[in-house]
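So you can see what is in the structure, the chains are spelled out below.
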Amino acid sequence: MSGEMKKIGTHDGNFHCDEALACFLLKNHVEEYKDAEIIRTRKDEILDKCDIVVDVGGVFDPAKKRYDHHQKSFQESLSSLRPEFGSKYKIRLSSAGLIYVFYGEEILRDLLKKNGHVLKPDSLKMIYKMVYEKFIEEIDAIDNGWPMFPGESQYTINTHLSSRVGNFNQNWKPKKDENYNSFNSFCKAMELVGAEFTDKVLYYFESWLPARTIVEAALEDRFNVHPSGSIIILGQFCPWKQHLSLLEVEQGIEGSIKFVVSTDKEDDHRCMAVPVNPESFICRKFLHKDWRGIRDSELAGISGIPEAKFVHQTGFIGGAATQEAALQMAIQSLAGEYTD
């Protein structure tokens, strides 16, 4: 097929989030399929002439560029195909997940390069995992009907993107709308998922990744903040929960940090309880039970901290006029057994 336009094959009829994303990623961020034509069909004789096939055909064979996941024999996950990323990714892959598994690093490098960024190898691995966990995994799970429960949630809903893509499929009508063009709708779905994927990747590179340095520095200084080493002060506010969780594991101090103090602006400081995991509402330790739901002068009187402003009724966060006051809120709460 040298010299000819490349062809990406996928199924016709109603479409889903996974193949819309798979086609977008291939067409826009994989050099081999740049500007490729998308062929929507279920006819094997046509699919066999495509350069790559996703979500149809009943074959998973990377050597032949066939990436279907519907056949009974297919049970692959990110962990089974890329064990270097750990054993926790057990959700069966969709066509989007398969393309991400085999082309993800190239896709991320290309997307970021087009936005003026360069990824270092260590950063690439971190962003690869986060984009999978916070974007691709949800699509894999929903497409495969994977349950979130029982027990701990096995994945998180971060976008509701699968439902929104489904809305591009024509609603049922007694008579088919003569102006309806399913390929145009599929292209709109590709644009939607592509824009969301791009925003997610840029967020993790431009905002989330730089925050790691701030959290890392706070961890290094924790024993200067309090002898217990259980409280950290962020140099500036940043998205800290995921980084703290990852860094604790890397440093072998899981569960050590109970409170995080940060500054929103000069007279607005926060004391935040650390959740048991980044998505949980249950904290390792909550703020003092006698302070919850109380504000201003009443709170100052009960706590003995004049600059204390408020404590949320659940005890997961409090505010103060000074950093020292926010720190004192953490220290006093640390001294009691306030886990409820």
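Residues numbered from 1 in each chain as written. Predicted model: local features only at pLDDT ≥ 70, side-chain atom pairs only at ≥ 80, totals over all residues. Heavy atoms only, no water.

Peer 1: Looking at this model, I keep getting lost on the overall build of the protein. Mind explaining?
Peer 2: Scanning the protein from terminus to terminus reveals 11 helices and 10 strands. With respect to the principal axes defined by its C-alpha atoms, the protein has extents near 80 × 50 × 35 Å. Looking at the protein as a whole, 49% of its 340 residues qualify as buried. In the protein, the share of contacts with a sequence separation of at least 24, taken over all contacts with a separation of at least 6, comes to 63%. Just so you have it, the protein exposes about 16,900 Å², and 51% of that area is on carbon and sulfur atoms. Within the protein, one finds 41 positive and 51 negative side-chain charges whose respective centroids are separated by 3 Å. (Helix = DSSP H or I, 4+ residues; strand = E, 2+ residues; numbered from the N terminus. Buried < 20%, exposed > 50% of the residue type's maximum accessible area, 1.4 Å probe, protein only. Contact = heavy atoms within 4.5 Å. Areas by Shrake-Rupley, 256 points an atom, 1.4 Å probe, with all protein chains shown as cover. Lys, Arg positive; Asp, Glu negative; His and termini not counted. Charge placed at Lys NZ, Arg CZ, Asp CG, Glu CD.)

Peer 1: Quick question: what am I supposed to make of the nonpolar core here?
Peer 2: Proteins that are soluble and globular tend to have nonpolar side chains buried together. Formed by 56 residues in total, the largest nonpolar core has its most connected members in L21, L26, I99, Y103, L108, V131 and F197. Counting only elements with at least two residues in this core, the list comes to α1 (17–29), β3 (52–54), α4 (95–114), α5 (121–143), α6 (161–166) and α7 (182–220). Element by element, the count of residues in this core is highest for α7, at 11 residues. Contact partners of V131, with chain neighbours within four places excluded, come to Y100, I136, F197, V201 and Y204. One finds W291, A320, A326 and L327 within the second-largest nonpolar core, a separate group that totals 22 residues. (Core = buried A, V, L, I, M, F, W, Y, C linked by side-chain atoms within 4.5 Å.)

Peer 1: Just to check I follow, could you spell out empty space enclosed by the protein for this structure?
Peer 2: Gaps left between atoms are located by rolling a probe of water-molecule size over the structure's atoms. Going through the model one piece at a time under the given rule, you end up with 1 cavity of 30 Å³ or more. Lining the largest cavity, in full, are W240, K241, L244, S245, E248, V274, P275, V276, N277, P278 and R284. Tallied by class, residues from the lining of the largest cavity come to 6 nonpolar, 2 polar and 3 charged. (1 Å grid on protein atoms, 1.4 Å probe; cavity = no way out; pocket = protein on both sides within 12 Å on 5 of 7 lines; lining within 4 Å. Points joined across faces, edges and corners; volume = space filled by probe spheres on them. Nonpolar A, V, L, I, M, F, W, Y, C, P; charged D, E, K, R; others polar.)

Peer 1: Explanation requested: unusual backbone geometry in the structure shown.
Peer 2: The bulk of non-glycine residues show a negative phi, and the bulk of peptide bonds are trans. Backbone geometry places D35, a non-glycine residue, at a positive phi of 65 degrees. Looking at where D35 falls in the secondary structure, it is placed in the loop between α1 and β2 (37–40). Non-glycine residue K65 carries a positive phi angle of around 60 degrees. Among the secondary structure elements, K65 is positioned in the loop between β4 (60–61) and β5 (66–67).

Peer 1: How should I be thinking about the packing of aromatic side chains in this particular structure?
Peer 2: The description of an aromatic ring pair rests on the distance of the ring centres and on the angle between the ring planes. Tallied over the full model, the rule gives 15 aromatic pairs. Ring geometry for Y204 against W208: centres 5.3 Å apart, planes inclined by 80 degrees, an arrangement best described as edge-to-face. Separated by 4 residues within a single helix, Y204 and W208 lie in helix α7, roughly one turn from each other. Joined through ring pairs, the aromatic side chains of F85, Y89, Y100, Y128, Y132, F135 and F197 make up one cluster. Sitting above the plane of the F186 ring, R40 keeps its charged end 4.8 Å from the centroid. (Phe/Tyr/Trp six-rings, centres within 6.5 Å; stacked < 30°, edge-to-face > 60°. Lys NZ or Arg CZ within 6 Å of the ring centre and 35° of its normal.)

Peer 1: For this particular structure, what's the right way to read the sheet that holds strand β7 (residues 259–265)?
Peer 2: Sheet strands pair via backbone hydrogen bonds, and the direction of the pair is either parallel or antiparallel. Spatial ordering of the open sheet is given by β6-β7-β8-β10-β9, a layout of 5 strands whose pairing is mixed. Whereas interior strands pair on both sides, the edge strands pair on one side only; in this sheet they are β6 (231–233) and β9 (308–311). Mean inter-strand twist for the sheet, computed between neighbouring axes without regard to direction, equals 20 degrees. Here β9 runs beside strand β10 (residues 317–320); their pairing, made up of 3 bridges, is antiparallel. Opposite V311, over in β10, you have G318 as the bridge partner. (Pairing = 2+ DSSP bridges. Axes fitted to C-alpha atoms, helices over the stretch in contact; angles between N-to-C directions.)

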